Amino acid sequence: MKLRNTATTQANSACLPMGDCVGINYSSASEGEEHKGGHGIPKVSIVPLIFLIFYEVSGGPFGIEDSVKAAGPLLAIVGFLLFALIWSVPEALITAEMGTMFPENGGYVIWVSSALGPFWGFQQGWAKWLSGVIDNALYPVLFLDYVKSSIPALGSGLPRTLAVLILTVALTYMNYRGLTIVGWVSVFLGVFSLLPFFVMGLIAIPRIEPSRWFEMDLGSVNWGLYLNTLFWNLNYWDSISTLAGEVENPKRTLPRALSYALVLVVGGYLYPLISCTAAAPVVRESWSDGYFSDVARILGGFWLHSWIQAAAALSNMGNFVTEMSSDSYQLLGMAERGMLPEFFAKRSRYGTPLIGILFSAFGVVLLSWMSFQEIIAAENYLYCFGMILEFIAFIKLRVVHPNASRPYKIPLGTAGAVLMIVPPAVLIVVVMTLASSKVMVISVLAMLLGFALQPCLLYVEKRRWLKFSISAELPNLPDTGVKEEEDDTTLPLVF
């Protein structure tokens, strides 16, 4: 990989004198016939990409049971419909526009850096990477929650700890072997995980009593649990952007894959919720993690119960490998832009970011002690911080560079784009406000650590303790008016 030193000023700007950028030349990314990256590894096509997005966001209806426990059937169903409209659709649209504008690894880090400068780009990367690692620490926990009824020894103690370690090592190795493998494994796991719910829905039809859908008691709603569950199950659409450099013809493939995955995710939630909450009496206290397997036993017997448990276990593995891919390629993309030491940009013989994978795996093991609800609340808080930066970057690039090349552009003007992000912005404020004091303090301290970490990395680069370089294969980013010094203290990302 060709590299240029981060202290070298890039003179060949892609922008007109008045600052109106007319395009960023991602020549290789725009060629539909390109099936391999510069590292010789096959790129990801649309079908695996759909299921990578599916697992980044969802992985199936496992974990949505708490929405019924928190608010009852009616609010659970309505909540997933409304949240999809006010959160998932805008986030997916922004990801399609920005991901095709900047089709390189690093995704949202590059968006924020190009709009707000390298400091905030780094903060975006730190918050989103930490949120992703926290999210990934959840999946071994969910896996063991589903299988502990069959293997009680995995419920606690040393056997549970060993199981988490073994799972993490095995799945980390799968990521090491290549993104193409992860993509096609995700296709298999997605089909296997959704199929038993389709069967359970058919079995439930004769037992459906529509009156059960309308059960609601506003006085007993646990709003914190309710909103966190909905938010957690319908976010992370932007995570796929960190893999954009590994996608075959991303300018065409990414928007299509996002639209198909949106239908798959929302349908995968609503179908079992609608069928199962009406087919059996709803005891809200029973609707917690893993309860769908109990509903399967009631409706179909032990065989369906076992199938759901197996699907849950494998689905959580799919969530794990796709999230780790996103996190590790984000670190690779940041290193290719000079925001992290150069060794993060090194690839294994399978084309995978080995150091990023190892860092992400270590974070998962370190955070696996947290409880399910703590994990959801902490990752949601950090994720909200990152989304605020994304929204600001999206609007600023629309205003400052309205004529920049956008292979996919949301069919709204600047005013319409602002109005589109108002509901999700309000939701972000609500989710952050409902966080417990413990989660809030930990999350704020984590963000402050990011504020300190970036200047420390600048000092490391200035003293030449580690090498920082920008990949010569990447185009220059547009000038956003963020001025940097042109000496030894130049920030890692140069405009």
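The structure presented is a predicted model; accordingly, all values stated were derived computationally and were not measured.

## Remarks on the overall build of the chain
Scanning the chain from N- to C-terminus turns up 15 helices and 2 strands. In the chain, buried positions account for 61% of the 495 residues. Within the chain, counting contacts between residues at least 6 apart in sequence, those at least 24 apart form 85% of the total. Element-wise, carbon and sulfur atoms account for 69% of the exposed surface of the chain, whose accessible area totals about 18800 Å².

## Quick word on helix H15 (residues 437-462)
With 26 residues, H15 extends 38 Å between its outermost C-alpha atoms, agreeing within 8% with the 38 Å of an ideal straight helix rising 1.5 Å per residue. Turning to H15, its buried residues are Val 439, Ser 443, Ala 446, Met 447, Gly 450, Gln 454, Leu 457, Leu 458, Val 460 and Glu 461.

## Things to note about the nonpolar core
Looking at soluble globular proteins, one finds that nonpolar side chains tend to be buried together. The biggest cluster of nonpolar side chains holds 145 residues, and the ones touching the most others in it are Ile 53, Met 200, Trp 237 and Phe 394. A per-element tally of this core places helix H5 (residues 118-147) first, with 14 residues. Ignoring any residue separated from it by four or fewer positions in sequence, one finds Met 200 in contact with Cys 276, Phe 292, Val 295, Ala 296, Leu 299, Leu 304 and Ile 308.

## Examining the confidence of the model for the chain
Chain-level statistics for the chain give a pLDDT mean of 85 and a share of 86% at 70 or above. Across residues 28-33, confidence stays below pLDDT 50; counting only partners more than four residues off in sequence or on other chains, it has 10 contacts.

## Topic: the packing of aromatic side chains
Centre distance and the angle of the planes are the two values used to describe a pair of aromatic rings. Applying the stated criterion to the full structure yields 25 aromatic pairs. Among the aromatic side chains, those forming a connected cluster through ring pairs are Phe 62, Phe 197, Trp 287, Tyr 291 and Phe 292. One cation-aromatic arrangement involves Lys 128 over Tyr 108; the distance from NZ or CZ to the ring centre is 4.2 Å.

## Regarding helix H10 (residues 291-300)
The complete set of buried residues in H10 reads Tyr 291, Phe 292, Ser 293, Val 295, Ala 296 and Leu 299. At its buried positions, H10 is contacted by helix H2 (65-71), helix H7 (179-204), helix H9 (250-279) and helix H11 (302-336). Just downstream of H10 lies Gly 301, where phi reads positive at about 105°.

## Some remarks on the packing of helix H3 (residues 73-101) against helix H14 (residues 414-433)
For the pair H3 and H14, the least separation of the axes is 9 Å and the interaxial angle reads 115°. Here H3 is positioned roughly perpendicular relative to H14, judged by the angle of their axes. As H3 packs across H14, the resulting crossing turns out to be left-handed. Residue-level inspection shows Phe 83, Ile 86, Trp 87, Pro 90, Leu 93 and Ile 94 of H3 in contact with H14, the latter providing Met 420, Ile 421, Pro 423, Pro 424, Leu 427 and Ile 428. Residue composition of the contact of H3 with H14, by class: 12 nonpolar, no polar and no charged.

## Digging into the pattern of salt bridges
All chains considered together, the criterion is met by 9 salt bridges. Between Lys 128 and Asp 238 there is a salt bridge, with the nearest N and O atoms lying 2.2 Å from each other. Here the residue Lys 128 occupies a position in helix H5, and Asp 238 occupies one in the loop between helix H8 (223-233) and H9, the gap between them amounting to 110 residues. In terms of burial, Lys 128 and Asp 238 fall into one category: buried.

## Comments concerning the packing of H11 against helix H12 (residues 354-367)
Contact geometry for H11 and H12: axes closest at 8 Å, N-to-C directions at 125°. In terms of their interaxial angle, H11 and H12 are classed as oblique. When the axes of H11 and H12 are compared, the crossing they make is right-handed. Packed against H11, whose contacting residues are Phe 320, Met 324, Asp 327, Ser 328 and Leu 331, the element H12 presents Gly 356, Ile 357, Phe 359, Ser 360, Ala 361 and Val 364 at the interface. Of the residues that constitute the contact of H11 with H12, the class distribution is 7 nonpolar, 3 polar and 1 charged.

How each quantity is defined
- Residues numbered from 1 in each chain as written.
- Predicted model: local features only at pLDDT ≥ 70, side-chain atom pairs only at ≥ 80, totals over all residues.
- Heavy atoms only, no water.
- Helix = DSSP H or I, 4+ residues; strand = E, 2+ residues; numbered from the N terminus.
- Buried < 20%, exposed > 50% of the residue type's maximum accessible area, 1.4 Å probe, protein only.
- Contact = heavy atoms within 4.5 Å.
- Areas by Shrake-Rupley, 256 points an atom, 1.4 Å probe, with all protein chains shown as cover.
- Expected span 1.5 Å × (residues − 1).
- Core = buried A, V, L, I, M, F, W, Y, C linked by side-chain atoms within 4.5 Å.
- pLDDT = per-residue confidence, 0-100.
- Phe/Tyr/Trp six-rings, centres within 6.5 Å; stacked < 30°, edge-to-face > 60°.
- Lys NZ or Arg CZ within 6 Å of the ring centre and 35° of its normal.
- Axes fitted to C-alpha atoms, helices over the stretch in contact; angles between N-to-C directions.
- Parallel < 35°, antiparallel > 145°, perpendicular 65-115°, else oblique.
- Left-handed = near helix turned anticlockwise from the far one by under 90°.
- Nonpolar A, V, L, I, M, F, W, Y, C, P; charged D, E, K, R; others polar.
- Salt bridge = Lys/Arg side-chain N within 4 Å of Asp/Glu carboxyl O.

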